[in-house]
Structures are given as structure tokens and as C-alpha cells.
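# Survey of secondary and tertiary structure
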Amino acid sequence: MEAWRCMRRGYGRCVVGRGRYPMFSHHPKSLGRDWTTPWENLQRCCWNRHISSCMRWPGHYSRAPYPYFSSRHFSLNWRPPCLFESRTQFQYSNWRPDNLSQTSLIHLSSYIMNSEGDEPSSKRRKHQGMIKRNWEYICNHKKEKTKILGDENVDPQCEDNENKFDFSVMSYNILSQDLLEDNSHLYRHCRRPVLHWSFRFPNILKEIKHFDADVLCLQEVQEDHYGTEIRPSLESLGYHCEYKMRTGRKPDGCAICFKHSKFSLLSVNPVEFFRPDIPLLDRDNIGLVLLLQPKIPCATSPAICVANTHLLYNPRRGDIKLTQLAMLLAEISSVAHQKDGSFCPIVMCGDFNSVPGSPLYSFIKEGKLNYEGLAIGKVSGQEQSSRGQRILSIPIWPPNLGISQNCVYEVQQVPKVEKTDKDPTQTQLEKTEVLETAEKLSSNLQHHFSLSSVYSHFFPDTGIPEVTTCHSRSAITVDYIFYSAEKEDVARHPGAEVALGGGLKLLARLSLLTEQDLWTVNGLPNENNSSDHLPLLAKFRLEL
């Protein structure tokens, strides 16, 4: 009987034989919130084993609820006579499964943790309901007539015309199922059924359909689910999908999907942050950059560059995060560069694994960063203490990466060879070496874009932080939508009329929530929100 709670991905692990074997011939049938499986299947696997000899679910509870058995022939649920107690063995009192009929069902009941290692009681609320998120209008002008996602009554004058192009963007980390199961300690507050992909995906798809964004930037998109479910479902909704899987043996990646009716595809540019010849870049994160052409009849418009990424999580490796960001910015610079030397409008989305106000965040918004003396654990703002941390080296990445401190690709120029007595070739090489050495000693990073954040990250009335992700360990902001704008952060001034010369105008955003708001519905994921991240959503206007 030891295999009854060793179930994970349809397999059990036996203590005695330590072998891995299929536990059930088919997936357990779902009855409401609980799981059932024919008793005879378990009987074949472990007829003569004691429940007390069972290994616990790997990576799950420190103790698990015992099963109770029900039968179609019993009017009441029959239970073994004793409960599990902490640090004691199950006293089965000569109990044997012979008392059950062959048609009985083993019932794995839903369970709420209450052990010492659980979350505080304030985070174990049993409230069930939907969290409410409102649209925040940024531009005052005729906001009652502005076409916002979800509005039913739309003024025809607000539709796209030859002078403007409105579009919406969603950024959403949908939580890869494999990563969820590999990090199950982050979801101890959740009931088991809400963590199943078969439950989660319909909820995620429902959110996407409801918000109906023109561009989707998705992170943690599991490759097998993308091919069998995610891509077909989105294509049926009118999206064209592009996907880049993480390198190595990682199971997930990033996707950018856009409406056929709004854009045509000009180019697809994947970015792999792993470089086998550079020891610093030994992680498998990626980025994806698309160049999209708005479909506007009788008008010409600039293309729009859309980038999506998921940077390294490790809070102590800020050097890797900054280098990955520089690689993404270099690709954006190459893709968005126009013939006149300017850049087309840019929207950069993703999970940046950095908090607002951190050096990495400030670098994106301000376009510059002096990292001299900066501890690597302070780059993303996730580490509270810098004790024992080394300082960022100058430069952060080696010259053979081919990216300058201005976050653009370096053009490798070969000196011209001229046959003279003074051998000027040697002189030119020496000058090049001197310039490179000077740049290596610089601790200043720069980029050429004027980027603002869609969100202000704090509620203006209370100063309470907004959060984009919430699980058993933390509730913080790590997800962002950045966009081309004037240097002023227009997102900090809701209702202000701002003219963005050559950039994008932010019309509206879907409000974020506080940590307290999320714990009133038992955090994330829950019955209605099936990722540990909230979707970010913004509506932009491109003036033509």
C-alpha cells in the first residue's frame, strides 16, 4: 500500500525495491476536487505493503493526509482506524485491505497544510472568489469614448484611421507545468487540483480570450504544451505565433503572438543568451524580437519592434542578468534601427527577475548605469544583504561577446594594409588596442532608447507596492511592459495629457494588485487565476 501517495506524473516509487514503475494503467478520474482510481489497480501494485512503509511525495508535503476508501456499495466513507501523527508511524492495528470489495475506489482527498513549515495563517485564507482589476485611463482626452479592451460601447470615431493606430499588448508568464512540479515548495498554499495543467490551461486561455490583446508576449511556455494545445488554440483565435525554446534541456521558452488582422510579420529574431565560449554566459535563457508592420489602409506607418524575454532568476548573479539584458538590447537596436538613423517604436515585455528601483530596472528606464563598486547580488534588488558578495568586474562581459558598453553590436573592422617603410598597419593595430583597453576600463553602461514602464509600481494614494507575482515565498514585481516614450515616466501621472514625439502614447493599463489583495483569494495560482504571475495589459496609440 505504500504507493498510494507516491503519485507524480502517473508514477510511484517503491521504498523496498527503489524502482520506478507506472502506478496506474490510466490517469485517475476526477470527481469534483478529488481524485479517484480503481482499487484493483493499487491492489496489483502493492497488495502486501504497509501504508507506513511509503515514501512521501517528493518535493511536496512534509506529511500527507492518509487516504480514505469509499465504495459504491457503502453508504458511508470507511476510514482506517488511526490517523497519521507527526513523527509517528501509522498504527494499522492488523488492518488489511481484504475488508474492501474489488469495486471500491481509493479516494485521495484534497488537503490544506497545517504543519509547522506552512505559511502564516494570514496566507492560508480559504476565501474563494475572483480578484477584480480595473482599467486605468492614462490620457484624459475623451476617455469615455476611447476604445478599451472589454468595452462594449465604442465610438466609431475611435477606430483606427489614417492618423493613428491603436493596439494592445499583454505580457504573461503562464507558469510552465514542469517548473511548477519541480518547484512545488512554492505552491504549498494551493489545493492540488488547481495545479494540474488540465485545470490551468482552460483558465489561462479564458483570460487570453477575454482580454483579446492584439499582441501576446508569453513566458514559461512549455514546448510540448505549445505544440499540442497553446499554439492551435491561439491560432483558432486569429493569432500568428512565433516561439523560441530555451537552450540546453530546458522545457520552456518564450512566445510572441499577434493578430493577423492588425499586423504583418517583417522579421523574426531569436536571441540565445548561452555562449559556449564565454564562461559567464552558461545559462539557457533566451529572448525573442519581432518586427511587425501595422495594417493600416491608405497610410504608411513605421514598423513596431516587439521584444520578449525571461531573464535569469538567480538573485546573486546580477552580472549574468545585466549581460543578458545587454544582448537583448543589442538585438533590439539592430532590428529597430531605421534608415534615417532613428529607431522605430519599441515595446519590450517579459519577466526580468528584477524589482522596481533596482540598478537593472533603473538602467532600462534611464538608459545609463555606472556599476563601479556594485555587488552582483544588488543588481536585481532581490537580495537583502550584500555580505560576502563579490563586486561586478569591469567590464562585466569579455570583448569577444561582440557587444559594446553602449549595448550595440560591435562592427569588427579589419585595418587596411599599406606597404610602406613605417608599416602603418602596425600603428593602426596599436591604436585599436588602446581604444579597446580604454573601453574595457569604463564602468558605464548605456543604451539609446527612451523607455518608460507602463506601470508605476506603487499605488499613488497609499504608496503600497503593486505586485505581479505571488507564491508561498514572496509577492513582488518582476514583470514589466516597457515602451518607447519621452523621458518622463507618463505612467506615474494617470490622467495627464502627454505628447510623445515619435513614440507611443499609453492610453490605458489593467490595474495591478497588492499582496494583501491576492491573499484574499489564497494567493496565486488559485481557482480562477492559474499562474503565479498576473497578466500585464496595456493599450497604446501610434500617432502617424
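This text goes with the structure placed above it.
The structure contained in this document is the topic of the report that follows. Remember, predicted model here, so these are calculated numbers, not experimental data.

### Topic: the packing of aromatic side chains
This model, assessed by the stated rule, comprises 13 aromatic pairs. Both rings, one in Phe165 and one in Phe263, keep their centres 5.4 Å apart while their planes meet at 80°; by these two values the pair is edge-to-face. Within this pair, whereas Phe165 is found in strand S8 (residues 164-173), its partner Phe263 is found in strand S12 (residues 263-272), the two being separated by 98 residues in sequence. Each member of the pair Phe165 and Phe263 is classed as buried. An angle of 35° between the planes, with centres 5.7 Å apart, marks the rings of Phe167 and Phe540 as tilted. Of this pair, Phe167 sits in strand S8 while Phe540 sits in strand S23 (residues 536-543), and the two are 373 residues apart along the sequence. Here the aromatic residues Phe165, Phe167, Phe263, Tyr483 and Phe540 are joined through ring pairs into a cluster of three or more.

### Here we look at the pairing of strand S13 (residues 286-294)
For S13, the tally of buried residues reaches 8 of 9 residues, placing the bulk of the element in the interior. Here 9 bridges tie S12 to S13, and the two strands are oriented antiparallel to one another. Following the sheet pairing, Ser264 is matched in S13 by Gln293. Both S13 and strand S14 (residues 304-310) contribute to a ladder of 6 bridges, which runs antiparallel. Within S14, the residue paired with Gly287 across the bridge is Thr309.

### Details of the sheet that holds S13
One open sheet accounts for 6 strands, arranged S12-S13-S14-S15-S21-S18; its pairing is mixed. Of all the strands in the sheet, just S12 and strand S18 (451-453) have a single pairing partner and so form its edges. Along the sheet, successive strands turn relative to each other by an average axial angle of 20°, direction set aside. Here 3 bridges tie S18 to strand S21 (residues 479-484), and the two strands are oriented antiparallel to one another.

### Topic: the side chain of Thr323
Mapped onto the secondary structure, Thr323 falls in helix H5 (residues 318-336). Residue classification places Thr323 among the buried residues on the basis of a relative accessible area of 0%. If we skip the residues at most four places from it in the chain, Thr323 touches Leu280, Leu281, Ile396, Trp397 and Leu401.

Scoring rules and cut-offs
- Residues numbered from 1 in each chain as written.
- Predicted model: local features only at pLDDT ≥ 70, side-chain atom pairs only at ≥ 80, totals over all residues.
- Heavy atoms only, no water.
- Phe/Tyr/Trp six-rings, centres within 6.5 Å; stacked < 30°, edge-to-face > 60°.
- Helix = DSSP H or I, 4+ residues; strand = E, 2+ residues; numbered from the N terminus.
- Buried < 20%, exposed > 50% of the residue type's maximum accessible area, 1.4 Å probe, protein only.
- Pairing = 2+ DSSP bridges.
- Axes fitted to C-alpha atoms, helices over the stretch in contact; angles between N-to-C directions.
- Contact = heavy atoms within 4.5 Å.

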